[in-house]
Amino acid sequence: MAHHVKTLLQNLIRTEQSWKLQLLQKWPTIMGNLHDKVTVEKLTDDMIVLGVYDSCWLQELYLLSDLLLTTINKNLENHHIKTIRFKQAGIKQKKNSIAT
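One numbering rule holds for all chains: residues counted from 1, following each sequence as written. Note on the predicted model: pLDDT of at least 70 is required for a residue's local features to be given, and 80 or more for side-chain atom pairs to be given and counted; whole-chain, interface and lining totals, by contrast, use all residues. To get the side-chain values, all heavy atoms of the structure are used, and hydrogens and water are removed first.

Between Lys or Arg on one side and Asp or Glu on the other, a salt bridge is scored when a side-chain nitrogen of the former is within 4 Å of a carboxyl oxygen of the latter. For the structure shown, the criterion picks out 3 salt bridges. In this structure, Asp 45 engages Lys 20 in a salt bridge whose closest nitrogen and oxygen atoms are separated by 3.9 Å. One end of the pair, Asp 45, is in the loop between strand 1 (38-43) and strand 2 (47-52); the other, Lys 20, is in helix 2 (residues 18-31), and 25 residues separate them in sequence. Relative accessibility decides the category of a residue: with a 1.4 Å probe and only protein chains considered, values under 20% of the type maximum give buried, values over 50% give exposed, and everything between is partly exposed. The class of Asp 45 is exposed, set by a relative accessible area of 53%. The buried category is assigned to Lys 20, whose relative accessible area is 17%. Note that Asp 36 and Lys 37 form a salt bridge whose closest N and O atoms lie 3.9 Å from each other. A relative accessible area of 33% means that Asp 36 is categorised as partly exposed. Using a relative accessible area of 27% as the deciding quantity, one classes Lys 37 as partly exposed. Secondary structure elements follow DSSP: runs of H or I no shorter than four residues count as helices, runs of E no shorter than two count as strands, and numbering proceeds from the N terminus.

What follows is the structure in structure tokens.
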């Protein structure tokens, strides 16, 4: 019997931790045009670690971390995230077109 992944995840994640699933589902909406430059690396009870592919964006997002923190918590039912940390993520692979 086939099940939708979303249904399986909701059954596996405890109710008090469901905000983490909600955050991951809304991540593209929360980050908007920047969602392809930033990934969620780690979530704890009150901290999020974001991986940033480009060091220039890392610095820019660090300077905007208060605004980003407000935006993340606004999209959750309660204010779960108190701290944002950033780290340099690996190089994002681009799709290469094969020229013949």
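What follows covers helix 2. Here, expected helix span is obtained from the residue count minus one, scaled by 1.5 Å. The end-to-end C-alpha separation of helix 2 is 20 Å, in line with the 20 Å expected for 14 residues at 1.5 Å each. What we call the bend at a residue is the angle made by axes fitted to the seven residues finishing there and the seven residues starting there. In the structure, helix 2 departs most strongly from a straight axis at Gln 25, where the bend amounts to approximately 50 degrees and where the proline Pro 28 lies between one and four residues downstream. Looking at helix 2, one finds that the buried residues are Trp 19, Lys 20, Leu 21, Gln 22, Leu 23, Trp 27, Ile 30 and Met 31. The first or second residue beyond helix 2 is Gly 32, which carries a positive phi of 60 degrees.

Attention now goes to the sheet that holds strand 3 (residues 83-88). Read from one edge of the open sheet, 3 strands run 1-2-3, paired in mixed fashion. The open sheet has two free edges, formed respectively by strand 1 and strand 3, since each of these has just one partner strand. Going across the sheet, the axis of each strand differs from the next one's by a mean of 30 degrees, ignoring polarity. Where strand 2 and strand 3 come together, 6 bridges link them in parallel fashion. Bridge pairing in strand 3 links Leu 50 to Phe 86. We call two residues contacting when some pair of their heavy atoms lies within 4.5 Å. Only C-alpha atoms enter the line fits that serve as axes; for helices the fit covers just the stretch in contact. Angles between N-to-C directions range over 0 to 180 degrees. On top of the sheet, helix 2 reaches strand 1 and strand 2; it is set at about 165 degrees to strand 1, its chief contact. Each of strand 2 and strand 3 touches helix 4 (residues 65-74); the most contacted strand, strand 3, lies at about 115 degrees to it. One bridge is not enough; two strands pair if DSSP finds at least two bridges between them.

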